[in-house]
Amino acid sequence: MEIKDLKPAEGSTHRKKRVGRGPASGKGKTAGRGMNGQKSRAGGGKGAGFEGGQTPLARRLPKLPGFRNPNRVEYIAVNVSRLDSKYEAGETVDGDTLKAKGIIKHATDPVKVLGDGEITKALTVKVDKISASAKAKIEAAGGKVEEPC
């Protein structure tokens, strides 16, 4: 058997319906569209959302004000007090360890460390963003903040 021998199963394919090609086709003259009217003409019919002449729902509802930025980055906020309770001294705080400890759902999520609470352990922090107060508290505790912050 070769590729040239392959054919669809018997009865699984159908011929294309050629409408408007004479009376012998069975779909000649009006091409199965009936006599006159909007639906018999090319491009005929009502558009999507047409409601019989009443004002469509899309026009009846109020439009919300403002603008939603599609490029906005949502950071997951993690406070230094949470880091203090979950990490041991000398550990590194990054996406992988935050996920392993159940603080965030995905290791690739952007994280911002905030300065709420106290921190007593020296940690190395490698997250996407960090607030000035959090940075000060981490460095005061003997830790260090590395890029990409």
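Above this text you will find the structure in question.
None of the values given here were measured: they were computed from a predicted structure.

About the criteria used
- Residues numbered from 1 in each chain as written.
- Predicted model: local features only at pLDDT ≥ 70, side-chain atom pairs only at ≥ 80, totals over all residues.
- Heavy atoms only, no water.
- Salt bridge = Lys/Arg side-chain N within 4 Å of Asp/Glu carboxyl O.
- Helix = DSSP H or I, 4+ residues; strand = E, 2+ residues; numbered from the N terminus.
- Buried < 20%, exposed > 50% of the residue type's maximum accessible area, 1.4 Å probe, protein only.
- Phe/Tyr/Trp six-rings, centres within 6.5 Å; stacked < 30°, edge-to-face > 60°.
- Lys NZ or Arg CZ within 6 Å of the ring centre and 35° of its normal.
- Pairing = 2+ DSSP bridges.

## Topic: the pattern of salt bridges
Thought 1: Here the structure, examined in full by the defined rule, presents seven salt bridges.
Thought 2: Its salt-bridge partner being Glu 118, residue Lys 137 comes within 3.9 Å of it at the nearest N-O pair. Taken together, the residues span a long stretch of sequence, with Lys 137 in helix H4 (residues 132–140) and Glu 118 in the loop between strand E3 (111–114) and strand E4 (124–125) at a distance of 19 residues.
Thought 3: The exposure class assigned to Glu 118 is exposed, which follows from its relative accessible area of 57%.

## Re the packing of aromatic side chains
Thought 1: Applying the stated criterion to the full structure yields zero aromatic pairs.
Thought 2: The ring of Tyr 87 is capped by Lys 101, whose NZ or CZ atom sits 4.9 Å from the centre of that ring.

## So, the sheet that holds strand E2 (residues 92–93)
Thought 1: Ordered by their spatial adjacency, three strands build an open sheet running E2-E4-E6, and the pairing between neighbours is parallel. The open sheet is flanked by E2 and strand E6 (144–145), the only strands paired with a single partner.
Thought 2: Bridge count between E2 and E4: two bridges; the pairing is parallel. Within the sheet, the bridge partner assigned to Thr 92 lies in E4 and is Thr 124.

## Observations regarding the sheet that holds E3
Thought 1: What the three strands build is an open sheet, ordered E1-E3-E5; its pairing is parallel. For this open sheet the edge positions go to strand E1 (76–79) and strand E5 (129–130), each flanked by a neighbour on one side alone.
Thought 2: The pairing of E1 with E3 spans four bridges and is parallel. Opposite Val 78, over in E3, you have Val 113 as the bridge partner.

## Notes on the environment of Phe 50
Thought 1: With respect to the helices and strands, the residue Phe 50 is situated in the segment before helix H1 (57–60).
Thought 2: Put simply, Phe 50 and Val 113 are 63 residues apart on the chain and 51 Å apart in space, counted from C-alpha to C-alpha.

## Here we look at unusual backbone geometry
Thought 1: Of note in this structure, Lys 29 is not a glycine but carries a positive phi near 55 degrees.
Thought 2: With respect to the helices, strands and loops of the structure, Lys 29 is situated in the segment before H1.
Thought 3: Overall, Lys 29 belongs to the exposed group, its relative accessible area being 75%.
Thought 4: Although it is not a glycine, Ala 31 sits at a positive phi angle of roughly 60 degrees.
Thought 5: Within the secondary structure layout, Ala 31 lies in the segment before H1.

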